[in-house]
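The chain contents come next:
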Amino acid sequence: MKATFFYIVIQAFALPWAVFFGILLDKIDRVKGLMIGMGVAFVGYASLGLLENPLSMGMYVAAAFVGAGEMSSNISATSLIGKEAPERGRGAVLGLFSLFGAVGIMVVGIVGGWLFDNWKPVGPFLYMAGSNAFMVLAAILVFFATRKAHDGQAGKPAATTA
């Protein structure tokens, strides 16, 4: 029953968090939203990976972060791709985005299962924590790279045509 309650805790935190995070995303840069979302997911998965007993009370706190993190990751990634995809062909971009998301879920299942069987039972959680940490770092790099590009053009006059 503890494993069932664990899943319920994840969903119980994910659903109301979706409303909060959606409102937040309307107020901040989408890449910053991705950083936050992946960061929250990292905290949840890393916490689960570091628990000595995955069925202890600490599991429920980690589950809350996992639920909020999963929801944040999904909403922020979808929001970012929806904003950046060109208007013409947006459906194709979103379809490909969804396809790669499904492939990612399969990879996580395969790699996480292998880690569980051949390394340690918390291996899948640590794998997810590492994946989310990588995404946080990638989002930070993108944020600063695009900010430099925007800042560099801020002082230049608009091009005119004759």
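Quick notes on the rules
- Residues numbered from 1 in each chain as written.
- Predicted model: local features only at pLDDT ≥ 70, side-chain atom pairs only at ≥ 80, totals over all residues.
- Heavy atoms only, no water.
- Helix = DSSP H or I, 4+ residues; strand = E, 2+ residues; numbered from the N terminus.
- Contact = heavy atoms within 4.5 Å.
- Areas by Shrake-Rupley, 256 points an atom, 1.4 Å probe, with all protein chains shown as cover.
- Axes fitted to C-alpha atoms, helices over the stretch in contact; angles between N-to-C directions.
- Parallel < 35°, antiparallel > 145°, perpendicular 65-115°, else oblique.
- Left-handed = near helix turned anticlockwise from the far one by under 90°.
- Nonpolar A, V, L, I, M, F, W, Y, C, P; charged D, E, K, R; others polar.
- Phe/Tyr/Trp six-rings, centres within 6.5 Å; stacked < 30°, edge-to-face > 60°.
- Buried < 20%, exposed > 50% of the residue type's maximum accessible area, 1.4 Å probe, protein only.
- Lys NZ or Arg CZ within 6 Å of the ring centre and 35° of its normal.
- Patch = residues over 30% accessible without salt bridge, like charges linked within 9 Å, V, L, I, M, F, W, Y side chains within 5 Å.
- Salt bridge = Lys/Arg side-chain N within 4 Å of Asp/Glu carboxyl O.
- Core = buried A, V, L, I, M, F, W, Y, C linked by side-chain atoms within 4.5 Å.
- Polar contact = N/O pair within 3.5 Å; in protein donor to acceptor, adjacent residues only side chain to side chain.

Description of the overall build of the protein chain
Part 1: Within the protein chain, the secondary structure is distributed over 5 helices and 0 strands.
Part 2: Helices and strands appear in the protein chain in the N-to-C order α-α-α-α-α.
Part 3: Overall, the C-alpha framework of the protein chain stretches about 75 × 30 × 25 Å when taken along its three principal axes.
Part 4: A separation threshold of at least 6 residues defines the contact pool for the protein chain, and within that pool the share at least 24 residues apart is 69%.
Part 5: Split by element, the accessible area of the protein chain, about 10400 Å² in all, is 71% carbon and sulfur.

Digging into the packing of helix α1 (residues 2-25) against helix α2 (residues 30-50)
Part 1: Across the interface, α1 lies against α2 with an axial gap of 12 Å and an inter-helix angle of 165°. The angle between the axes of α1 and α2 places the two elements in the roughly antiparallel class. The element α1 and its partner α2 pack so that their crossing is right-handed. Contact residues: F6, F21, L24 and L25 in α1; R30, G33, I36, G37 and L48 in α2.
Part 2: Across the contact of α1 with α2, the residue classes tally to 6 nonpolar, 2 polar and 1 charged.

Here's the deal with the packing of aromatic side chains
Part 1: Summed over the entire model, instances satisfying the criterion amount to 4 aromatic pairs.
Part 2: Each ring, one from W17 and one from F21, has its centre 6.2 Å from the other, and the planes form 20°; the classification is stacked. Remark: F21 and W17 occur in helix α1; sequence separation between them is 4 residues, near one turn of the helix.
Part 3: We classify W17 as partly exposed; its relative accessible area is 25%.
Part 4: Using a relative accessible area of 0% as the deciding quantity, one classes F21 as buried.
Part 5: Measuring from ring centre to ring centre gives 5.3 Å for F143 and F144, while their planes differ by 75°; the resulting arrangement is edge-to-face.
Part 6: Through successive ring pairs, a cluster of aromatic residues spans W17, F20 and F21.
Part 7: Across from the ring centre of W119, 5.0 Å away, lies the NZ or CZ of K120, which sits over that ring.

Here we look at a nonpolar patch on the surface
Part 1: A grouping of L96, L99, F100, V103, M106, V107 and I110 is seen on the molecular surface, where their side chains present a nonpolar patch of about 680 Å² in accessible area.
Part 2: Tracing the sequence through the fold places V107 in helix α4 (residues 90-118).

Thoughts on the nonpolar core
Part 1: Of all hydrophobic cores here, the largest spans 15 residues; its most connected members are F6, I10, Y45, L48, M59, A63 and V66.
Part 2: At the level of secondary structure, the elements contributing two or more residues to this core comprise α1, α2, α3 (58-84) and α5 (123-154).
Part 3: In terms of residue count, α3 provides more of this core than any other element does, 5 residues in total.
Part 4: Filtering out sequence-adjacent residues up to four positions away, F6 remains in contact with L48, M59, Y60 and A63.
Part 5: The next biggest cluster of nonpolar side chains, apart from the first, holds 9 residues, and it includes M35, L80, V136 and A139.

Some details on the side chain of N132
Part 1: With respect to the helices, strands and loops of the structure, N132 is situated in helix α5.
Part 2: A polar contact of 2.8 Å, which involves the side chain of N132, links it to the backbone oxygen of M128.
Part 3: Discounting chain neighbours no more than four positions away, the residues touching N132 are M38, A41, F42, Y45 and S73.

Function cannot be inferred from these measures alone, as they are strictly geometric.
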